[in-house]
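# Tertiary structure, described
Spelled out, the chains give:
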Amino acid sequence: MNTAAGGAMGLHHVAYATRDLEATHRFYEDLMGFPLVHAEQAERPHPDGGPTGHIKHVFYDIGDGECIAFFFIQNMGEQSDYSTDLSATVGLPVWVNHVAVRATPEQQEAARERMAAADIEPLMEVDHGWCHSLYFVDPNGIMVELCRDTTGIQPDPAEALEVMRSPIPADATA
């Protein structure tokens, strides 16, 4: 399906910010079941000449060598009140900006059980017709979707382009 020069490319990693490495670690390794596979730490000069900055970058394997990663930073030019969520702070519902991870029914249920044992309930569960999704919000305010294909996406580029370009009905706008 991918027509990029050289063939299909996969996701290497996607990176987000965290203010709490321990809570993030517990969520992703202990509850989601994604093993911590790499971590690095570095000092960097502050971009504005202030105190030396510190970076920790941790990687969790989500399958097939693809990772979700997190930065923990100090004195790197960040605002003191920065937010780690992807949607709420920019005025969007939590489900808009999220990460979806491929899962089997067994993986969904195992994650659900681990989360329930930690008193974490799914944000929602949705049967999209082509996949069944179980959603949780991580300690950083990032929604994580465990996505189990049912029929899967049936590629139809012409229809997809038509839907993408079709106008939203006038009565649906604010």
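Scroll up for the structure.
Report follows, based on the coordinates. Quick caveat: nothing in here was measured; it's all calculated off a predicted structure.

### As for unusual backbone geometry
In this structure, Asn75 takes a positive phi of about 60 degrees despite not being glycine. Not every positive phi belongs to a glycine, and Asp119 is a case in point at roughly 60 degrees. Relative to the helices and strands, Asp119 resides in the loop between α2 (105-117) and β6 (124-127). By relative accessible area, which is 70% here, Asp119 ends up exposed.

### Side note on the packing of aromatic side chains
Applying the stated criterion to the full structure yields six aromatic pairs. Seen in terms of ring centroids, Tyr28 and Tyr60 are 6.0 Å apart; in terms of plane orientation they differ by 35 degrees. Their pairing is tilted. In this pair, Tyr28 sits in helix α1 (residues 21-31) while Tyr60 sits in strand β3 (residues 53-63), placing the two residues 32 residues apart along the sequence. Pair check on accessibility: Tyr28 and Tyr60 agree, each one buried. Measuring from ring centre to ring centre gives 6.5 Å for Tyr60 and Phe70, while their planes differ by 65 degrees; the resulting arrangement is edge-to-face. Here the residue Tyr60 occupies a position in strand β3, and Phe70 occupies one in strand β4 (residues 66-74), the gap between them amounting to ten residues. For the pair formed by Tyr60 and Phe70, the shared burial category is buried.

### As for the layout of surface pockets
Taken as a whole, the largest pocket holds about 630 Å³ of empty space. Along the walls of the largest pocket sit 23 residues, with Ala100, Val101, Arg102, Ala103 and Cys147 positioned nearest its centre. Contributing elements (two or more residues each) for the lining of the largest pocket: β3, β5 (98-102), α2 and β8 (143-149). Looking at which element gives the most residues to the lining of the largest pocket, the answer is α2, with four residues. Here the residues of the lining of the largest pocket are counted per class, giving 14 nonpolar, three polar and six charged.

Thresholds applied
Residues numbered from 1 in each chain as written. Predicted model: local features only at pLDDT ≥ 70, side-chain atom pairs only at ≥ 80, totals over all residues. Heavy atoms only, no water. Helix = DSSP H or I, 4+ residues; strand = E, 2+ residues; numbered from the N terminus. Buried < 20%, exposed > 50% of the residue type's maximum accessible area, 1.4 Å probe, protein only. Phe/Tyr/Trp six-rings, centres within 6.5 Å; stacked < 30°, edge-to-face > 60°. 1 Å grid on protein atoms, 1.4 Å probe; cavity = no way out; pocket = protein on both sides within 12 Å on 5 of 7 lines; lining within 4 Å. Points joined across faces, edges and corners; volume = space filled by probe spheres on them. Nonpolar A, V, L, I, M, F, W, Y, C, P; charged D, E, K, R; others polar.

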